[in-house]
Amino acid sequence: MNHHSTASTLDATGIESLDATRVWLARFPLSIIQLAGRIGVGATFFKAGLLKYQSFEFTVRLFQEEYRVPLLDPAVAARIAMVQELTIPILLFLGLATRIATLPLLGMIAVIQTFVYPNAYNEHLVWGAILVLLLTRGPGVFSVDYLIGQYSKTRSRRRARE
């Protein structure tokens with residue numbers, strides 16, 4: 001019976017340790033994860049936009065010969081991609097209009113996955129998951145969106161008192 005008692009104590013202690021660890025890890029600030037996601041995905045797209053800008057003629061050739069996005073002229077598709085990749089990441093870096101900014105990037109990922117690089121789903125799933133997190137949970141406290149929200153709340157409270 002002593003052996004059974006020791007095993008029960010170990011099981012309970014192990015479960016309690018796991019629960020305590022889970023609680024401790026759950027206290028990690030989501031805003032840090034959101035900030036890292038904004039920077040990581042933003043940097044990926046921004047670098048791609050810089051490459052397109054630095055060698056635009058080559059980019060157009062890629063859109064003609066390799067990417068072959070349907071319905072759009074390759075030069076138009078290349079310019080749209082370049083402009084989006086150079087502007088939207090800035091919104092992500094700042095955390096400004098973050099939820100809206102995720103939508104064109106999610107669209108780009110869907111187009112790239114479907115028409116350009118269907119075997120690159122590992123990267124696309126990671127980028128997409130981060131963007132969906134930002135779309136559904138917002139950019140976190142380290143963002144202009146958060147500051148705007150705080151300002152708006154303060155202003156609303158002042159108006160309510162008047």
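Residues numbered from 1 in each chain as written. Predicted model: local features only at pLDDT ≥ 70, side-chain atom pairs only at ≥ 80, totals over all residues. Heavy atoms only, no water.

Topic: the environment of A78
Its place among the elements puts A78 in helix α4 (residues 74–94). With 16 residues separating them in the primary sequence, A78 and L62 have C-alpha atoms 8.6 Å apart. If near-sequence neighbours (up to four positions away) are discounted, A78 is found in contact with K52, F56, T59, V60 and F63. (Helix = DSSP H or I, 4+ residues; strand = E, 2+ residues; numbered from the N terminus. Contact = heavy atoms within 4.5 Å.)

Side note on the pattern of salt bridges
Applying the stated rule across the entire model yields one salt bridge. Taking the shortest distance from any N to any O, the salt bridge between E85 and K52 comes out at 2.9 Å. With a gap of 33 residues between them, E85 in helix α4 and K52 in helix α2 (residues 30–54) connect regions that are remote in the sequence. Side by side, E85 and K52 carry an identical accessibility label, which is buried. (Salt bridge = Lys/Arg side-chain N within 4 Å of Asp/Glu carboxyl O. Buried < 20%, exposed > 50% of the residue type's maximum accessible area, 1.4 Å probe, protein only.)

As for helix α3 (residues 56–67)
Taking 1.5 Å of rise per residue, the 12 residues of α3 would be expected to cover 16 Å, yet its terminal C-alpha atoms sit only 14 Å apart, more than 12% below that figure. Listing the buried residues of α3 in full gives F56, T59, V60, L62, F63 and Y67. Seen along its axis, α3 keeps its buried residues to an arc of 155°; they face one direction. Turned more than 90 degrees from where α3 packs its buried face, E57 and E65 sit exposed. Taken together, the buried residues of α3 touch α2, α4 and α5 (98–116). (Expected span 1.5 Å × (residues − 1). Arc of directions from axis to C-beta.)

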